[in-house]
Amino acid sequence: MSASSRRTPTVITRMAVAALAVALSACQTPASRPSVYQPTYPANHTASRSDAVRMLRAAEALPAPARDQQRLQAAAILYELGDKETAKEAVDKITPEQLDDILFASFAQVYGSLLAADDDFFEALDLAASPRLQEVWPQLPRTTALPLRNLRADLWGLLGNLDSAIDERREISYIAQSEQAITENNNGFWHLLTQLPSSELKMRATLSTDTQMRAWYQLALLGRDTQSDISSQLIALSRWRERWPAHSANSHPPQALLLLEKLATQRASNIALLLPLSGPLGNAGRAIRDGFMAAHYTALNAGGATPKLLVYDTGAEHPFDEIYQKAVDAGAQVIIGPLDKSKVANLLATEKLPVPTLALNYGDQGRLTNDLVQFGLAIEDEARQIAQHAYRQGKRQAMVLTADNNWGQRGAEAFQAEWQRLGGSVSIRRTFKDNSKFSTLVSDALLIPASHTRKKELQSRLAAKLEFTPRRRDDVDMVFLAAQPQQARQLNPMLTYYYANDLPIYATSHVFGGNINRNRDRDMNGIHFTALPWLFESHQTKQDIEEQASPAPAFARLYALGADAFRLYPRLPMLRQFPEQKVHGLTGALSLSADGRIIREQMWARIDKGVPVPVTTIEPLLPQQEPIELNGKREAF
């Protein structure tokens, strides 16, 4: 299961807890307003499903607004107990226009949580962010405002609108009073801010006029920029605390920061790198090695405690198991490698490994023991991330366009499996090569020839010349694209030419070659893609790599993989203990699945005027194509 798909239930659970809290607080707290009905439950009563059902039945005999408030309370209880269907039936009976402002806010929170639980994220956000609420926040009780604002922040964050989610977290900071509420909000702040690239955090830390937010940006930047070594991160954290002694994140630190001191005492002092430095994979292995060493020396130059390194060439003819054992005999406490997929399979077939091992590729299965973690640059992670993102954006019918090779087909299979698991459908799937006739491919995929055929048939029946604009198929609302830049530069204009300019295109990171070329890449304007943070980061390790190695774009991601391996291995205990935590690296936000596979969640970016830019807000949808006029009537061919 991917990191994103694991996070969604957590978000919804928090919504559910908030929903129940507001319902039960209403049950237990004397009314502060005459219009708010309160049922007669003792303060220590824990409501059950039977209680909620009785409340619903009794509500029918109550006058408004008591009837609707009791329905809301019952729905919140039922939702928390897992009976979402009955809860939905209860709120469906409520007429929101007839509710006063406080009851409407409660309705928005409870019903919005139910909608979010059914993956109707946009509808939930439309309700939770209703214009009616903007003028009434000062009048809302804290017990009503807090869970509703949490719902809004979660939804904006889930949908990729980081700016709105951050603003909402700032509003929550003004009203959160309990230790739990403050800590949860600070965890939310940390999760949102660490998704921003370092360059963005630096800019905001410099320009923000809000001193509290400026401190948050500096703290998040600390979390990103000093991850090359835990010791230097602890030093930077100590300095931050001295500078901001009264900040909320000082008294209620995010969960990830609490683990640093513990991790610092658990670091290995001897590390072995097992990589192919010769043979067919030699170029890749050397790039990963150099990326790892760059991160190592960045930490060393910063004064951090760094391990002793042993490097072994697995590209030679010596059996891999002998090389592995040689590293163990030399005192390696952690092994990083191998890169070759077949050698990862050898490790998976070994019942028990003598030392913890971080493989730099994926085998065909996971491993439930703690002795092996698999980490790589699999396109499958990106494909699943795209499926989850597009589904949350309300898309349900996909067109899949991928390169006709092993890499492209793996991406297509992973996207389709995740897309269908979520509830989406694939309307059409096509492959292409560099020499494909992209005009014909796109035209046929969008059923443009069929539109021309319908036009000819209608023109023949009417015996009149018709003004005609072809119509594309209407069973597609998004495009999944796995393509190299030269392919995407041809596909994107063809989709626009054949009346699909309203279809959002979600592509893997391979769509951008790594070098900015406005003239060439403007043909990809509007494409959204999952981007390696390497693209936008200004981390010292990246600067060192670029200055010393000047890697070609095709190898940059391998240097990033090596650098992230250095960041990752000491933090694996944290990821095991707290699956929701992430290590924010140059290859993505890294989390650990239960079967020992690192899941990468990359940034979102889009091509704008031929240049990739990070996406931190929800962009407006493109206008839908209008039907054509035919003899005074609207017709679609």
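Treat the numbers as computed from the prediction; the structure is a model and nothing was measured.

Scoring rules and cut-offs
Residues numbered from 1 in each chain as written. Predicted model: local features only at pLDDT ≥ 70, side-chain atom pairs only at ≥ 80, totals over all residues. Heavy atoms only, no water. Core = buried A, V, L, I, M, F, W, Y, C linked by side-chain atoms within 4.5 Å. Buried < 20%, exposed > 50% of the residue type's maximum accessible area, 1.4 Å probe, protein only. Helix = DSSP H or I, 4+ residues; strand = E, 2+ residues; numbered from the N terminus. Pairing = 2+ DSSP bridges. Axes fitted to C-alpha atoms, helices over the stretch in contact; angles between N-to-C directions. Contact = heavy atoms within 4.5 Å. pLDDT = per-residue confidence, 0-100. Salt bridge = Lys/Arg side-chain N within 4 Å of Asp/Glu carboxyl O. Parallel < 35°, antiparallel > 145°, perpendicular 65-115°, else oblique. Left-handed = near helix turned anticlockwise from the far one by under 90°. Nonpolar A, V, L, I, M, F, W, Y, C, P; charged D, E, K, R; others polar.

## Some points on the nonpolar core
Nonpolar side chains tend toward joint burial in soluble globular proteins. Ranked by size, the top nonpolar core spans 127 residues in total, and within it F292, I336 and I598 carry the most contacts. Per-element tally for this core: the top contributor is helix α5 (residues 101-117), with 12 residues. Core analysis: the second largest hydrophobic core is formed by 53 residues, A390, A412, F438 and M603 among them.

## A short note on the environment of L158
With respect to the helices and strands, L158 occurs in helix α8 (residues 142-158). As for L158 and Q388, which are separated by 230 residues in sequence, their C-alpha atoms are 10.0 Å apart.

## Side note on the pairing of strand β12 (residues 589-592)
On β12, burial covers both faces: A589 and S591 on one face and L590 and L592 on the other are all buried. Where strand β11 (residues 583-584) and β12 come together, 2 bridges link them in antiparallel fashion. From the neighbouring strand, V583 faces β12, where its bridge partner is L590. Where β11 hands over to β12, the hairpin turn is made up of 4 residues, of which G588 adopts a positive phi near 145°. Turn length for the β12-strand β13 (residues 598-601) hairpin, with the two strands adjacent in sequence and antiparallel, is 5 residues, and the turn residue G596 shows positive phi of about 80°.

## Things to note about the sheet that holds strand β1 (residues 270-275)
The strand order β2-β1-β3-β4-β5 describes an open sheet built from 5 strands, whose pairing is parallel. Two strands lie at the open edges of the sheet, namely β2 (308-313) and β5 (372-374), each paired on one side alone. With strand direction ignored, the average angle separating the axes of adjacent strands in the sheet is 20°. The sheet contacts of helix α19 (residues 341-349) involve β4 (357-359) and β5, and relative to β5 the element is tilted by about 150°.

## So, the pairing of strand β10 (residues 528-531)
Of the two faces of β10, both are covered, the one formed by H528 and T530 as well as the one formed by F529 and A531. The sheet contact formed by strand β9 (residues 505-507) and β10 spans 2 bridges and is parallel. Residue Y506 lies in a different strand from β10, and its bridge partner there is H528. Pairing of β10 with strand β14 (residues 603-608), which is carried by 4 bridges, proceeds in the antiparallel orientation. Residue H528 lies in a different strand from β14, and its bridge partner there is R606.

## Thoughts on the confidence of the model for the chain
The predicted model of the chain averages 84 in pLDDT, with 86% of residues at 70 or higher. The model gives residues 620-637 a pLDDT under 50, and that stretch makes 40 contacts with residues more than four places away or in other chains.

## Observations regarding the sheet that holds β10
Taking strand neighbours across the sheet as the criterion, the 7 strands line up as β7-β6-β8-β9-β10-β14-β15 in an open arrangement whose pairing is mixed. Where the open sheet ends on each side, the last strands, each with one partner, are β7 (425-432) and β15 (611-614). The average angle at which neighbouring strand axes cross in this sheet is 25°, direction not considered. Against the sheet, helix α21 (residues 406-422) engages β6 (397-403), β7 and β8 (478-482), with an angle of about 165° to β6.

## Points about the pattern of salt bridges
Taken as a whole, this structure holds 24 salt bridges when the rule is applied. Note that D340 is salt-bridged to K343, the shortest N-O span being 3.8 Å. On the accessibility criterion, D340 (22% relative accessible area) is partly exposed. Residues R473 and D475 are paired through a salt bridge, measuring 2.6 Å at the closest nitrogen-oxygen approach. With relative accessibility at 11%, the residue R473 sits in the buried group. Exposure remark for D475: the relative accessible area of 23% places this residue in the partly exposed category. Residues joined by salt bridges that share partners form a network here, namely E60, D68 and R71.

## Here we look at the side chain of H247
The residue H247 is located in the loop between α13 (230-243) and α14 (248-251) in this model. When neighbours within four sequence positions are excluded, H247 is seen to be in contact with Q212, A215, W216 and W240.

## Thoughts on the packing of helix α9 (residues 162-175) against helix α10 (residues 179-193)
Look at α9 against α10: their axes get within 10 Å of each other, and the N-to-C directions meet at 160°. On the basis of their axis angle, the class for α9 and α10 is roughly antiparallel. Pair α9 / α10 crosses with left-handed handedness. Taken together, the residues of α10 that come into contact with α9 (itself represented by L162, A165, I166, R169, R170, I172 and S173) are N185, G188, F189, L192 and L193.

## A few points about the environment of A90
For A90, the location among the structural elements is in helix α4 (residues 84-92). Owing to a relative accessible area of 4%, A90 belongs among the buried residues under this scheme. Counting along the chain gives 21 residues from A90 to Y111, while the straight-line C-alpha distance between them is 9.7 Å. Residues in contact with A90, not counting those within four places in the same chain, are L56, R71 and A75.

## Thoughts on the packing of helix α6 (residues 121-128) against α8
In the contact formed by α6 and α8, the axes pass within 10 Å of each other and the chain directions differ by 140°. On the basis of their axis angle, the class for α6 and α8 is oblique. Crossing of α6 over α8 shows left-handed handedness. In contact with F121, A124, L125 and A128 of α6, α8 contributes L148, L151, R152, L155, W156 and L158. Grouping the amino acids of the contact of α6 with α8 by side-chain chemistry returns 9 nonpolar, no polar and 1 charged.

## Some details on unusual backbone geometry
Note that the residue after A64, namely P65, is joined by a cis bond; omega there is 5°. As for its placement among the helices and strands, P65 is situated in the loop between α2 (49-59) and α3 (66-80). For the bond from G337 to P338, the omega torsion is 5°, close enough to zero to count as cis. Position of P338 among the secondary structure elements: in the loop between β3 (334-336) and α19. Located in the positive-phi region is L447, a residue other than glycine, with phi close to 65°. Phi is positive for K609, close to 55°, though the residue is something other than glycine.

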